[in-house]
Every structure is written in structure tokens, then in C-alpha cells.
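# Coordinate analysis (summary)
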Amino acid sequence: MTAADESPTIEFRRSTSRQAVPVVALLVVVAGEVVFNLARGRQWWDGIWILPLYLVIFTLPRRLARPAVSGYQSRLPLRLTEEHLQVAGPGEVTLSIDWSNIAKAEIRGRLVAFLVIEPIDPDLTRPPLKRWQWAGHGQSRPYEILVPLTYMTPGRDVLRRELAQRTATAARHGI
């Protein structure tokens, strides 16, 4: 791979348009229900009691991806540069991990996806990572970082591809 083939900095952030999709879908379903009821000669509000179920279905992934705040909970934006991976935290805190210092960087989950990152040496991150400092919902290891990916743009496939490419490049070059 040449330097021209390497990817530039990519930023993954929360997409407002992806957040709007469930709301628009819910409105379409409710309007369809009303039209269906009127066409069948029923009261327009018949069956609208199912609306809370639709709300639960559309908001559950969002709620699960936003666990209770504890420590330095990671969040989007997530930046991938040629040298390192950057994870945003609360306020102005940003954790940087060199590609050669990443033991694991994988996406887990389908409906509620998380990026799981674990450094090889937590003292080499910037700032140095303390045990359980970035603890989050579902974290099982002391230096593991979980980044919720709900409503992320560009999508998970781009993130998966870029992570594979950049970690493989770092491993090949022994960076």
C-alpha cells in the first residue's frame, strides 16, 4: 500500500438525520393506522393504543446506547487518523490511542452496537488510562472502552473496514 492509498482522517459522529428516521416512521405508521381505520368505517382512534409499543420499539436502542453516566463515559465523535484513534469523552476530554497500541478494536451488537477498544499498554494512551476510568454499561475489563454507535454516520461498515485496514497496516509495519 502506498501513502496515496492510505485513508485520511475520518470522523464518525452522531447523525441528526438518522435520529429523525424513527420519528418519521412512527408518524407514517400512525397516519396509516388512522387512514386504515377510517377506510374500514371504524373510529379513527381505534388501535392507536398500540402507539406506546411503537415508541418503545423505536426508542429502546437509543436508551440502551446511552447508559447512566459514570466516570469518563465515551461518546461520539470518534476520529481515525493515520497515527491514532481518538475517542471523545465528557467536556473537552479526548483519549488518543496509537494504532500500534490497540489490542482490540471491534464492533459488537447489531440492534445496539458498541465499538470495543482495548489498549495494549494503558500508560501509552494520551492521557494515560487508569483502571475502570472509562467504565461504561457492559464493560467487562478494566481498560476496555465502549463507544455507543447508535445513529452514527458514516455507518458501521465504513468503521469496520477502516479499523481492519488501519490495525492491519500498523501490525504489518510494526509501528
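Here goes a summary of the coordinates provided. (Residues numbered from 1 in each chain as written. Predicted model: local features only at pLDDT ≥ 70, side-chain atom pairs only at ≥ 80, totals over all residues. Heavy atoms only, no water.)

This part covers a nonpolar patch on the surface. Taken together, the side chains of Leu38, Trp44 and Trp45 make up a nonpolar region of the molecular surface, amounting to roughly 380 Å² of accessible area. When you line up the elements, tryptophan 44 lands in the loop between α1 (16-39) and α2 (51-65). Judged by its relative accessible area of 47%, tryptophan 44 falls in the partly exposed class. (Patch = residues over 30% accessible without salt bridge, like charges linked within 9 Å, V, L, I, M, F, W, Y side chains within 5 Å. Areas by Shrake-Rupley, 256 points an atom, 1.4 Å probe, with all protein chains shown as cover. Salt bridge = Lys/Arg side-chain N within 4 Å of Asp/Glu carboxyl O. Helix = DSSP H or I, 4+ residues; strand = E, 2+ residues; numbered from the N terminus. Buried < 20%, exposed > 50% of the residue type's maximum accessible area, 1.4 Å probe, protein only.)

A word on the environment of isoleucine 145. When you line up the elements, isoleucine 145 lands in strand β7 (residues 145-148). Separated by 71 residues in the primary sequence, isoleucine 145 and serine 74 place their C-alpha atoms 7.1 Å from one another. Contacts of isoleucine 145, omitting those with residues within four sequence positions, involve Ser74, Val87, Leu95, Ile97, Leu115, Val116, Ile117, Leu129 and Trp134. (Contact = heavy atoms within 4.5 Å.)

Next up on the list: the pattern of salt bridges. One pass over the structure, following the stated rule, counts eight salt bridges. The closest approach of N and O atoms between glutamate 144 and lysine 104, which form a salt bridge, is 3.3 Å. Here lysine 104 lies in strand β5 (residues 102-108) and glutamate 144 lies in the loop between β6 (114-119) and β7, a separation of 40 residues in the sequence. Taken together, the shared-partner salt bridges in this structure form one network comprising Lys104, Glu118, Arg141 and Glu144.

Now for the sheet that holds strand β3 (residues 84-88). The five strands lie next to each other as β4-β3-β2-β1-β8, forming an open sheet whose pairing is antiparallel. A strand with exactly one partner marks an edge of an open sheet, and here the two such strands are β4 (94-98) and β8 (152-153). Alignment of strand β1 (residues 10-14) against strand β2 (residues 75-80), held across three bridges, turns out to be antiparallel. Its bridge partner being in β2, glutamate 11 is matched across the sheet by arginine 79. Against the sheet, helix α3 (residues 156-173) engages β1, β2, β3 and β8, with an angle of about 40° to β2. (Pairing = 2+ DSSP bridges. Axes fitted to C-alpha atoms, helices over the stretch in contact; angles between N-to-C directions.)

With that settled, consider α3. With 18 residues, α3 ought to run about 26 Å at 1.5 Å a step, and its terminal C-alpha atoms sit 26 Å apart, in line with that. Where α3 is concerned, the buried positions are Leu159, Glu162, Leu163, Arg166, Thr169 and Ala170. Burial along α3 is one-sided: seen end-on, the buried residues are contained in an arc of 140°. Turned more than 90 degrees from where α3 packs its buried face, Asp157, Ala171 and Arg172 sit exposed. (Expected span 1.5 Å × (residues − 1). Arc of directions from axis to C-beta.)

This part is about the pairing of β7. With burial as the criterion, each face of β7 is covered, one bearing Ile145 and Val147 and the other bearing Leu146 and Pro148. Both β6 and β7 contribute to a ladder of four bridges, which runs antiparallel. In the strand pairing of β7, isoleucine 117 is matched with isoleucine 145.

Function-wise, these values are silent; they only describe arrangement.
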